[in-house]
Amino acid sequence: MEAEDVMDFLVEHRAPGVTPGYVAEQLLSMSWIVAAGDVARIAEAGRRWLRSDDPFRVAVAIGLENETFLADSWEEIAALAGPFKECFPSMAADIDAWTARAEPAYERLRKGTFFEFFERGPS
C-alpha cells in the first residue's frame with residue numbers, strides 16, 4: 001500500500017465532524033514513524049492535493065504546510081491563494097491564515113536562515 005492510498009483512505013473514510021486540520025495533524029504524526037521514502041510520498045501527495053479541486057484535500061494540504069514546504073517558493077503559494085479563495089470562498093479565512101504563516105517560513109528558507117536560532121543560540 002502506498003502512502004497516498006493511506007491518505008486517501010483517511011479522507012474518504014473519516015468520521016463525521018473530522019476536520020481537515022485533524023487529518024493533516026495525523027499525517028504529520030505518521031511522518032515520524034514511517035520510512036523516509038514514505039514521508040517524501042506524503043509530501044508529494046500533499047503537493048498534488050494542494051492543486052486539487054477537492055476542498056477537503058486542499059484544506060488538508062494547507063494543514064500539512066505547517067511543517068512541510070509543499071511549494072518551491074512563496075510566490076507559488078501566493079499564486080495559489082487567490083484562486084483558492086475564489087474556488088473555495090468558505091475557506092478564505094483559513095487561506096489567509098495559511099499565507100500569513102507561510103510567507104515568513106518561505107522567506108527564511110529562501111535566505112537559508114530557517115535554523116538560525118540553532119546556529120546563534122538563544123538570546
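Residues numbered from 1 in each chain as written. Predicted model: local features only at pLDDT ≥ 70, side-chain atom pairs only at ≥ 80, totals over all residues. Heavy atoms only, no water.

(A) Highlighting the environment of Ala92. By the element assignment, Ala92 lies in helix α6 (residues 92–111). Owing to a relative accessible area of 23%, Ala92 belongs among the partly exposed residues under this scheme. Sequence spacing of Ala92 and Glu12 is 80 residues, and the spatial spacing of their C-alpha atoms is 23 Å. (Helix = DSSP H or I, 4+ residues; strand = E, 2+ residues; numbered from the N terminus. Buried < 20%, exposed > 50% of the residue type's maximum accessible area, 1.4 Å probe, protein only.)

(B) Quick look at the layout of surface pockets. If you add up the space inside the largest pocket, you get close to 220 Å³. Forming the walls of the largest pocket are Leu28, Ser31, Trp32, Val39, Ala40, Ile42, Ala43, Leu64, Glu67, Thr68 and Leu70. The element contributing the most residues to the lining of the largest pocket is helix α3 (residues 36–49), with four residues. Class assignment for the residues of the lining of the largest pocket results in eight nonpolar, two polar and one charged. (1 Å grid on protein atoms, 1.4 Å probe; cavity = no way out; pocket = protein on both sides within 12 Å on 5 of 7 lines; lining within 4 Å. Points joined across faces, edges and corners; volume = space filled by probe spheres on them. Nonpolar A, V, L, I, M, F, W, Y, C, P; charged D, E, K, R; others polar.)

(C) View of the pattern of salt bridges. According to the stated counting rule, one finds eleven salt bridges in the structure shown. Residue Arg48 is joined to Glu4 by a salt bridge in which the shortest nitrogen-to-oxygen separation is 2.2 Å. One end of the pair, Arg48, is in helix α3; the other, Glu4, is in helix α1 (residues 3–12), and 44 residues separate them in sequence. Relative accessible area serves as the criterion here: at 41%, Arg48 is assigned to the partly exposed category. With its nearest N and O atoms 3.2 Å apart, the salt bridge here joins Arg47 to Glu44. Placement of the pair is Arg47 and Glu44 together in helix α3, with a separation of three residues, close to one helical turn. (Salt bridge = Lys/Arg side-chain N within 4 Å of Asp/Glu carboxyl O.)

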